[in-house]
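The chain contents come next:
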Amino acid sequence: MKSRIQLLICLAISCAFFSCSTRPIAKPSYLSYYTEEEFQEMYEKARAEERAYLQKLENSDPDSVILLNLDFTYLDTVPDLSKYNKVRIATFSGIEANKVDKSLFLSDSLEIVTLNGCSFRNIDFPEDNHIERLNLTNCQLTHIPTSVRRCKHLKDLNLEGNQIRHIPRWIMELDSLEEISLNFNQLRLNKADIRHLTQVKRILLGGNGIEKLPKNIGRLQCESMNMAKNKLHSLPKSFANLNQLKVLVFYENDFEEIPDVLVDFKNLRHLDFYKNHIKEIPDFVGNMENMQQLFLSFNQIEEIPDTLRNLKRLKYFYIHHNELHFLPEWITEMDSIERFGIGFNHLLNLPDVSKMKSLKDFDCEHNLLERFPWELLEKPDMEMINARNNDFNLSDEEKMRLIKASKTINLAY
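Here is what the cut-offs are and how they apply
- Residues numbered from 1 in each chain as written.
- Predicted model: local features only at pLDDT ≥ 70, side-chain atom pairs only at ≥ 80, totals over all residues.
- Heavy atoms only, no water.
- Helix = DSSP H or I, 4+ residues; strand = E, 2+ residues; numbered from the N terminus.
- Buried < 20%, exposed > 50% of the residue type's maximum accessible area, 1.4 Å probe, protein only.
- Contact = heavy atoms within 4.5 Å.
- Areas by Shrake-Rupley, 256 points an atom, 1.4 Å probe, with all protein chains shown as cover.
- Lys, Arg positive; Asp, Glu negative; His and termini not counted.
- Charge placed at Lys NZ, Arg CZ, Asp CG, Glu CD.
- Patch = residues over 30% accessible without salt bridge, like charges linked within 9 Å, V, L, I, M, F, W, Y side chains within 5 Å.
- Salt bridge = Lys/Arg side-chain N within 4 Å of Asp/Glu carboxyl O.
- pLDDT = per-residue confidence, 0-100.
- Core = buried A, V, L, I, M, F, W, Y, C linked by side-chain atoms within 4.5 Å.
- Phe/Tyr/Trp six-rings, centres within 6.5 Å; stacked < 30°, edge-to-face > 60°.
- Disulfide = S-S within 2.5 Å.
- Pairing = 2+ DSSP bridges.

(A) Focus on the overall build of the protein. Check the secondary structure of the protein and you find four helices and 18 strands. For the C-alpha atoms alone, the extent of the protein along its principal axes is close to 70 × 55 × 45 Å. Taken across its 413 residues, the protein has 47% of its residues classed as buried. Taking the contacts inside the protein whose residues are at least 6 apart along the sequence as the reference set, 26% of them involve residues at least 24 apart. Entry remark: accessible area of the protein is about 21,600 Å², with carbon and sulfur atoms responsible for 46%. Distance between charge centroids for the protein: 5 Å, based on 52 positive and 61 negative side chains.

Shown next as structure tokens:
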């Protein structure tokens with residue numbers, strides 16, 4: 001009985017897709033049910049397809065194989081892949097072994113390796129490998145495997161969805177490392193962790209529950225930082241030293257204001273404070289002259305300050321789900337804006353946004369508008385207008401006009 005239950009659980013949790021097969025098993029619906037015999041039939045079919053794929057791989061010319069994509073969900077042992085020495089990209093899923101042997105990574109051509117949803121204690125990367133991108137995602141890792149230090153050519157290291165708490169000192173030895181992703185781990189982020197990341201250009205630490213940044217955070221030299229889905233509400237003074245940043249993400253944190261330590265961040269191109277508790281946009285944001293993407297939605301902002309008219313390179317401006325009651329007239333002079341989201345506010349009317357020369361995507365959903373922005377229908381290159389849930393009182397003739405316009409524009413009203 002126990003083995004029967006384990007089999008049912010195993011098959012129900014798995015995606016029931018075999019990534020190497022051209023005929024994947026259909027994923028069971030939550031409203032479906034299967035007898036033990038049906039589950040057993042599905043299981044045997046998956047094993048047969050895996051064996052057929054491996055037999056085909058075995059019969060192929062090893063020098064012709066440049067990509068491996070293997071799901072080990074139903075395999076008892078990991079096959080010997082050492083002879084495939086021309087492989088450039090290798091993806092493995094579902095390995096359940098105490099150790100992942102280096103025979104999987106012996107190809108001199110191997111540049112990209114992904115181990116996803118695997119369960120292992122040790123992984124053995126060979127010396128002198130040429131791996132540039134390494135993904136060890138959702139592998140229940142409590143630390144970064146030591147043999148990763150042998151990947152001297154490594155540029156991108158993705159460790160999302162593990163249980164890692166600290167960043168080892170030897171990370172500093174990876175001179176080529178440009179990006180590290182530790183999203184959704186259990187990172188405590190202390191001063192030592194910061195010292196070990198000083199040479200990395202792109203750092204992603206989202207979803208770790210971080211409440212406070214170390215005081216030495218200003219030692220980093222990164223150009224991109226993602227701190228989304230943490231619990232930050234303030235920044236230490238040394239953060240002001242990071243004014244080389246081009247991308248800064250604080251999506252879904254606990255900020256009540258945009259910290260003034262960002263006052264000199266004129267290199268920023270992308271700033272994201274989605275889903276915080278911000279009530280106003282400080283004037284210094286208007287001095288971020290290189291800004292191209294500004295995300296301030298899901299806050300409590302009541303007004304767009306005049307200084308934002310200085311953002312001459314701004315392309316994406318999202319400020320929906322706030323407390324805006326009006327848009328300033330000068331917004332129509334923002335010739336660089338391509339995508340503008342102001343939905344879910346309290347707007348009664350709009351300036352003539354069709355004057356915004358680059359505008360392609362406009363969202364004013366769920367406001368209090370009584371007049372549809374008809375001018376946008378005549379605007380060249382307009383791609384999308386979302387004006388649903390407003391107070392339009394459209395005549396039959398106007399409805400027909402919108403129906404006709406929807407043939408060339410993605411239109412919702």
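And the narrative resumes.
(B) Expanded view of a negative patch on the surface. A contiguous patch of negative charge on the surface is contributed by E211, D254, E256, E257, D260, E280, D283, E302, E303 and D306. Structurally, the position occupied by D283 is in the loop between β12 (270-272) and β13 (293-295). Judged by relative accessible area, which is 48%, D283 ranks as partly exposed.

(C) Expanded view of a nonpolar patch on the surface. A surface patch of nonpolar side chains, about 260 Å² in accessible area, is lined by I66, L67 and I89. Its place among the elements puts I66 in the loop between α2 (36-59) and β1 (67-71).

(D) Representation of the confidence of the model for the protein. With 91% of its residues at a pLDDT of 70 or more, the protein has an overall mean of 89. Overall, residues 1-30 carries pLDDT values under 50, and its contacts beyond four positions in sequence, including any with other chains, amount to 36 contacts.

(E) Structural detail: the nonpolar core. In terms of nonpolar packing, the biggest core is built from 113 residues, with F239 and L262 touching the most fellow members. The set of elements that each furnish at least two residues to this core consists of α2, β1, β2 (89-93), β4 (112-116), β6 (133-137) and α4 (396-405). Apart from residues lying up to four places away in sequence, F239 is in contact with L213, I217, M225, L245, L248, F250, V261, L262 and F265.

(F) Local environment of the packing of aromatic side chains. On inspection of all chains with the given rule, the structure shows 16 aromatic pairs. Measuring from ring centre to ring centre gives 6.0 Å for F239 and F265, while their planes differ by 5°; the resulting arrangement is stacked. Of the two residues, F239 is situated in the loop between β10 (224-226) and β11 (247-249) and F265 in the loop between β11 and β12; the sequence distance between them amounts to 26 residues. Accessibility classification places F239 together with F265 in one group, the buried group. Ring-pair connections join several aromatic residues into one group, and the members of that group are Y251, Y274, F295, F298, Y316 and Y318.

(G) Here's a closer look at a positive patch on the surface. Residues R169, K191, R195, K212, K215 and R219 make up a contiguous surface patch of positive charge. Inspection of the secondary structure assignment puts R219 in the loop between β9 (202-204) and β10.

(H) Representation of the pattern of salt bridges. Counted according to the given criterion, the structure contains 16 salt bridges. A salt bridge links D156 to R202; the nearest nitrogen and oxygen atoms lie 3.5 Å apart. In this pair, D156 is assigned in strand β7 (residues 156-158) and R202 in strand β9, connecting sequence segments 46 residues apart. A relative accessible area of 28% places R202 in the partly exposed class. As a salt-bridge pair, R202 and E178 come within 3.6 Å of each other at their nearest N and O atoms. Taken as a pair, R202 in strand β9 and E178 in the loop between β7 and β8 (179-181) lie far apart in primary sequence, 24 residues in all.

(I) Fine view of the environment of V100. Tracing the sequence through the fold places V100 in strand β3 (residues 99-100). Note on V100: relative accessible area 1%, which makes it buried. Residues V100 and S119 lie 19 residues apart in sequence; the distance between their C-alpha atoms is 9.5 Å. Apart from residues lying up to four places away in sequence, V100 is in contact with I95, F105, F120, N122, I123 and D124.

(J) The arrangement of the environment of L359 in detail. As for its position among the elements, L359 is in the loop between β15 (339-341) and β16 (361-363). Relative accessible area serves as the criterion here: at 1%, L359 is assigned to the buried category. Residues L359 and R371, 12 residues apart in the sequence, show an inter-C-alpha distance of 19 Å.

(K) Main features of the state of the cysteines. Within this structure, the stated rule accounts for zero disulfides. C139 carries a free sulfur, and the closest cysteine sulfur to it, the one in C118, is 4.7 Å from it. Note on C139: relative accessible area 1%, which makes it buried.

(L) Focus on the pairing of β2. In this structure, β1 lies alongside β2, joined through five bridges in parallel fashion. Across the sheet, the residue bridging to L70 is F92, located in β2. By the bridge criterion, five bridges tie β2 to β4 in an arrangement that is parallel. What sits directly across from A90, in β4, is V113.

(M) Seen up close, unusual backbone geometry. For E252, which is not glycine, the phi dihedral falls at a positive 55°. Counting through the fold element by element, E252 comes out in the loop between β11 and β12. On the basis of relative accessible area, E252 is assigned to the partly exposed category, the value being 30%. Despite not being glycine, H366 shows a phi value in the positive range, around 55°.

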